[in-house]
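Each chain, written out:
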Amino acid sequence: MTEIDVHGSGSRREFLRWLGVGALGWPALPDLLARAGDGAPAGPAGWSPVAADPASSAAGSGARQAFASKRPPPSERRFTSPAVEATIRDVKGRLKDRPQLAWLFENCFPNTLDTTVEVGERAGQPDTFVITGDIEAMWLRDSSAQVWPYLPLARDDDGLRRLLSGVVRRQTACIRIDPYANAFNKGSTGSEWDKDLTDMKPELHERKWEVDSLCYPIRLAHGYWKATGDASVFDGDWRQAMRLVLRTFRAQQRKDGRGPYHFQRVTARATDTVPGDGYGNPVRPVGLICSMFRPSDDATIFPFLVPSNLFAVTSLRQMAEIARDGRVGDADLARQADALADEVEQALRAHAVVEHPTLGRLWAYEVDGFGNRLFMDDANVPSLLSLPYLGCAAPDDPLYRRTRALALGPWNPWFFKGKAAEGVGSPHTGVRRVWPLAITMRALTATDDAEIRACIHTLETTHAGTGFMHESFLVDDPTDFTRAWFAWANTLFGELVWKLARERPHVLES
């Protein structure tokens with residue numbers, strides 16, 4: 001995600017002032033806890049995302065802890081779903097012997113609905129705008145991921161179904177505004193990034209070209225259709241947006257020059273701008289799709305970002321499946337999507353499966369078509385670790401298993417171990433910081449009960465007393481964290497606990 005601008009405007013600035021964030025970064029946890037109770041201004045809708053555990057037991061006493069909900073009061077929640085509330089009650093009932101885990105689930109699973117959605121209508125159709133949390137803009141990636149865990153509940157909850165339909169329709173409108181943009185404003189308000197050297201528009205919050213920004217809306221639309229049977233979202237606007245996706249992907253294969261997209265930013269952060277006059281480092285056109293930025297919003301080194309290209313193959317096949325459906329009936333769109341998926345898949349096999357000196361053949365993180373490759377993984381999704389979660393690989397596939405060993409071991413320069421945790425971090429937050437997002441993803445893609453238990457234990461003991469997941473924390477000190485209000489990490493954690501409660505309840509036993 002984009003680094004927080006502590007000099008921003010509106011409710012974001014008020015929220016950060018309430019947290020006590022200054023130019024030097026996050027304050028220590030004791031300062032936050034003191035500030036939460038000294039009459040300082042409340043956060044959005046009076047919500048307090050940072051507070052100490054509400055009760056504690058004496059060491060070794062075995063007494064049950066009583067945990068008070070950290071959700072906004074019901075009257076201040078942005079959206080309430082009866083199906084989600086019933087799910088929270090059900091899962092909490094299954095976790096009677098894990099009171100802290102139950103408390104974390106209750107806080108985190110509904111966090112997107114509680115604090116980040118704005119539901120309305122546009123031209124008589126549902127319209128839902130979803131912010132990330134502490135950034136008042138809608139990322140195509142984050143908004144898709146934030147609402148994804150609620151899809152199984154939508155068939156029997158009309159309000160939730162309309163909300164999800166509204167997200168699909170809003171994303172369709174965003175893609176039609178600019179398929180190269182990653183983040184959008186609610187209206188034509190302009191942005192703090194207006195001076196970026198690219199084709200900015202007033203509707204855009206940021207214009208970082210990321211392949212996954214177009215994949216996530218396809219995944220969400222396909223998942224929504226499968227969960228609800230509602231094909232009404234696949235109207236003429238949606239089909240036009242999908243043709244823009246195909247045109248953009250083809251342009252960024254760079255077979256006929258560098259394409260129309262370029263981006264530069266005046267910044268001290270090298271990862272926040274693009275080399276090569278804004279077009280990136282050179283590539284050899286081999287059929288892969290260039291991505292100038294990673295899902296972390298950090299610039300790529302070699303522009304063929306492998307996990308995003310794998311995600312594109314899966315998403316294009318989903319686009320083709322939707323287009324072939326009789327209620328859509330667009331055979332040409334289906335044919336084009338399948339053909340591009342075939343081409344990218346073949347190119348991946350030819351150029352992105354590489355030999356590691358220790359682990360053998362595996363997926364590289366980035367390549368350039370010239371034979372150069374980058375061995376690493378990043379906490380943000382799509383990542384190499386997340387491939388089974390996104391439907392891009394089987395969890396027992398040998399190629400994935402070797403790649404997973406790289407991501408979760410000493411061969412990944414962004415995998416850290418410390419006193420409090422181990423996990424995958426990101427250049428976005430610097431060394432020695434791990435991301436709960438990646439720890440959760442490790443559990444979601446694991447097949448071993450002991451590994452899953454270890455991930456749950458880490459997540460349960462590193463929230464720094466807040467009751468929520470964070471963007472990252474120092475591997476030796478979880479109280480040194482970034483982003484107290486990061487809805488994607490919260491909701492994904494909720495998805496994990498709910499999935500385990502249904503499929504592996506023994507893993508959650510105390």
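Residues numbered from 1 in each chain as written. Predicted model: local features only at pLDDT ≥ 70, side-chain atom pairs only at ≥ 80, totals over all residues. Heavy atoms only, no water.

**What to know about the overall build of the protein**
Looking only at helices and strands, one finds 15 helices and 15 strands in the protein. Within the protein, contacts between residues at least 6 apart in sequence are counted, and of these 66% link residues at least 24 apart. Summed over all atoms, the accessible surface of the protein reaches about 18700 Å², with 50% contributed by carbon and sulfur. (Helix = DSSP H or I, 4+ residues; strand = E, 2+ residues; numbered from the N terminus. Contact = heavy atoms within 4.5 Å. Areas by Shrake-Rupley, 256 points an atom, 1.4 Å probe, with all protein chains shown as cover.)

**Some words on the packing of helix H14 (residues 449–461) against helix H15 (residues 487–503)**
Orientation of H14 relative to H15, taken along the N-to-C sense of each, is 135 degrees, at an axis distance of 12 Å. Classified by the interaxial angle, the pair formed by H14 and H15 is oblique. Note on packing geometry: the crossing formed by H14 with H15 is left-handed. Of the residues in H15, those in contact with Ile452, Ile456 and Leu459 of H14 are Phe493, Leu496 and Leu500. Within the contact of H14 with H15, the residues separate by chemical class into 6 nonpolar, no polar and no charged. (Axes fitted to C-alpha atoms, helices over the stretch in contact; angles between N-to-C directions. Parallel < 35°, antiparallel > 145°, perpendicular 65-115°, else oblique. Left-handed = near helix turned anticlockwise from the far one by under 90°. Nonpolar A, V, L, I, M, F, W, Y, C, P; charged D, E, K, R; others polar.)

**A few points about the pattern of salt bridges**
Scanning all chains against the criterion turns up 43 salt bridges. Two residues, aspartate 196 and arginine 265, come together in a salt bridge whose shortest N-O distance is 2.8 Å. Of this pair, aspartate 196 sits in the loop between strand E4 (183–184) and strand E5 (204–206) while arginine 265 sits in the loop between helix H9 (236–251) and strand E6 (304–305), placing them 69 residues apart in sequence. Overall, the relative accessible area of 7% leaves aspartate 196 in the buried class. Residue class for arginine 265 comes out buried when judged on its relative accessible area of 7%. Here glutamate 345 ties to arginine 317 by a salt bridge, and the two come within 2.9 Å at their closest N and O atoms. With glutamate 345 in helix H11 (residues 331–351) and arginine 317 in helix H10 (residues 306–324), this residue pair connects regions lying 28 residues apart in the sequence. (Salt bridge = Lys/Arg side-chain N within 4 Å of Asp/Glu carboxyl O. Buried < 20%, exposed > 50% of the residue type's maximum accessible area, 1.4 Å probe, protein only.)

**Comments concerning the pairing of strand E7 (residues 353–356)**
As judged from the 4 bridges shared by E7 and strand E8 (residues 360–363), these two strands associate in the antiparallel manner. Among the inter-strand pairings, valine 353 is bridged to a residue of E8, identified as tryptophan 363. Between the end of E7 and the start of E8, which pair antiparallel, lie 3 residues. (Pairing = 2+ DSSP bridges.)

**A few points about helix H13 (residues 436–445)**
The buried fraction of H13 amounts to 10 of the 10 residues, a majority that puts the element mostly inside the structure. Of all the residues in H13, the buried ones are Pro436, Leu437, Ala438, Ile439, Thr440, Met441, Arg442, Ala443, Leu444 and Thr445.

**Here we look at the sheet that holds E5**
The 3 strands are arranged E3-E4-E5 in an open sheet whose pairing can be described as antiparallel. Each having just a single partner strand, strand E3 (138–139) and E5 make up the two edges of the open sheet.

**Some remarks on the packing of aromatic side chains**
Tallying each qualifying case throughout the model produces 13 aromatic pairs. Between phenylalanine 109 and tyrosine 150 the ring centres are 5.4 Å apart and the planes differ by 65 degrees, which places this aromatic pair in the edge-to-face class. Highlighted residues: phenylalanine 109 in the loop between helix H4 (99–108) and helix H5 (111–115) and tyrosine 150 in the loop between helix H6 (140–147) and helix H7 (158–177), separated in sequence by 41 residues. The buried category is assigned to phenylalanine 109, whose relative accessible area is 0%. Grouping aromatic residues by their ring pairs yields a cluster made of Phe105, Phe109, Tyr150 and Trp498. Over the face of the ring belonging to tryptophan 148 we find arginine 219, whose NZ or CZ atom lies 3.7 Å from the ring centre. Across the ring face of tryptophan 193, the terminal group of arginine 265 is positioned such that the distance to the ring centre comes to 3.6 Å. (Phe/Tyr/Trp six-rings, centres within 6.5 Å; stacked < 30°, edge-to-face > 60°. Lys NZ or Arg CZ within 6 Å of the ring centre and 35° of its normal.)

**Considering the nonpolar core**
Judged by nonpolar contacts, the single largest core of 155 residues is most densely connected at Trp209, Phe234, Met242, Phe249, Met319, Leu348 and Trp363. Among the elements that make up this core, the one with the highest residue count is H10 (10 residues). Apart from the residues lying within four places of it in its own chain, the contact partners of leucine 348 are Leu288, Val306, Asn309, Leu310, Val313, Val353 and Trp363. (Core = buried A, V, L, I, M, F, W, Y, C linked by side-chain atoms within 4.5 Å.)

**Some thoughts on the confidence of the model for the protein**
Per-residue pLDDT for the protein has a mean of 89; in total, 87% of the residues score no lower than 70. Taken together, the stretch residues 1–64 has pLDDT below 50 and engages in 121 contacts with residues farther than four places along the chain or on a different chain. (pLDDT = per-residue confidence, 0-100.)

**Some details on the sheet that holds strand E15 (residues 477–482)**
A sheet is described by the order of its strands in space; here 3 strands give the open sequence E13-E14-E15, paired in antiparallel fashion. Lying at the two open borders of the sheet, with one neighbouring strand each, are strand E13 (433–434) and E15.

**Observations concerning H15**
Between its first and last C-alpha atoms H15 spans 24 Å; for 17 residues at 1.5 Å apiece the expected length is 24 Å, and the two agree. Across the 17 residues that make up H15, a large majority, 14, are buried. (Expected span 1.5 Å × (residues − 1).)

**Side note on the packing of H7 against H9**
It is the contact of H7 with H9, at a shortest axis distance of 9 Å, that shows an interaxial angle of 45 degrees. Between H7 and H9, the crossing angle belongs to the class labelled oblique. Like other packed secondary-structure pairs, H7 and H9 cross with a definite hand, here left-handed. Contacts between H7 and H9 involve Thr172, Ile175 and Arg176 from the former and Asp237, Trp238, Gln240, Ala241, Met242, Leu244 and Val245 from the latter.

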